[in-house]
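# Architecture at a glance
Spelled out from the first residue to the last, the chains are:
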Amino acid sequence: MTSAAAPARSLSASSGATKGVRPPAPSRRGWGARLARVPLVVWVMLAVPLAVEAFWVFWPAINSFSLATLRWDGITPAESVGLQNFVDLWNDPIFRTAAWNNVLWLLFFGVLSIAGGLALAVALNKPGRGVGIYRAAIYLPMVISLAVTGLFWRVMYQPDGPINSALELIGLGFLQRQWLAEPDVALGAILVAAVWRQVGYVMVLYLAGLKGCDASLEEAAAVDGANAWQRFWKIVMPQLSGVHTVVIAVTVIDSLRAFDIVWTMTRGGPYNSTQLLSTYMFQQAFTVGNLGYASAIAVIIFLLAIGFIITYLIRQARTEDPA
């Protein structure tokens, strides 16, 4: 009896020992096998745009780094100057003005566009008569190119243009200015035009986010006695965190590459008071003919943009995978 029980115990022990062991995972096919199943036409369709992108974007971008170490006007033989272009940038008062203007542009363009777009989205998120017309009208400037927007606002800011005429009509003639000819107000005037165009785009992004918010949470907070501001700040705003990230990223990138509207309105004037890094780079490259110096400015813009993009991607990765 003892001998018969022993095999039974050993069998049950062995089965219990193997109960918690996972069966071996099925062998996975390597990446090579998976890639081999992709049709040739797919590779061709991927390779053609990649080649075009590499020729028109990546290769010039890489060339900018080498050009930044040269003194070259595009005609005479290039002269290697090492990092002298960057040293000259540091000592260039116009470059410092352009860099400071970029900071102001990023700050005011970002804050005004985001705050205005969010306010409009909240106001137009309710069903009502003519709401669709208002949304379309506010978004319409985004359809117009930045160059045309700049030309339109140049007419608006003329000394005898609609803005000064309106100020005179309502009794505020003392506020009349030569808006694009006075260094103290020219950058602000351009910012108004840029925000006027951008706010509709931000509004559409926030409208999409508001449509995805859970209305039942806001209704429950209202039943608990929360007022409209508390419901918006404590219930709606946390649900828009993903939209906030997208809006901020888009706004920062648009700020760094702002060029068209400034160039068409003032070309960086008067007295370089509205220069941005992009306009100063263009001026140095195609007006002065200093391609090496302009490439150094392009490298600075690239480093600022790529620094923000990398930070943004890291933050997004941490948000999506907190573990």
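Residues numbered from 1 in each chain as written. Predicted model: local features only at pLDDT ≥ 70, side-chain atom pairs only at ≥ 80, totals over all residues. Heavy atoms only, no water.

Counting its regular elements, the protein contains 15 helices and two strands. Burial statistics for the protein: of 323 residues in total, 30% are counted as buried. Approximately 20500 Å² of the protein is accessible, and the part contributed by carbon and sulfur atoms is 68%. (Helix = DSSP H or I, 4+ residues; strand = E, 2+ residues; numbered from the N terminus. Buried < 20%, exposed > 50% of the residue type's maximum accessible area, 1.4 Å probe, protein only. Areas by Shrake-Rupley, 256 points an atom, 1.4 Å probe, with all protein chains shown as cover.)

Let us now look at the pattern of salt bridges. Applying the stated criterion across every chain yields a total of four salt bridges. Note that R177 is salt-bridged to E182, the shortest N-O span being 4.0 Å. The class for E182 is partly exposed, based on a relative accessible area of 28%. One salt bridge in this structure joins D254 and R257, with 3.0 Å as the shortest N-O distance. A relative accessible area of 16% means that D254 is categorised as buried. (Salt bridge = Lys/Arg side-chain N within 4 Å of Asp/Glu carboxyl O.)

Spanning 12 residues, helix 11 (residues 228–239) covers 16 Å between terminal C-alpha atoms, matching the ideal 16 Å at 1.5 Å per step. Buried residues of helix 11: R231, F232, V236 and M237, and no others. Here the buried residues of helix 11 occupy an arc of 150° about the axis, which is enough to place them on one side. Considering only its buried residues, helix 11 is in contact with helix 5 (93–123), helix 9 (183–211), helix 10 (215–223) and helix 12 (241–256). (Expected span 1.5 Å × (residues − 1). Arc of directions from axis to C-beta. Contact = heavy atoms within 4.5 Å.)

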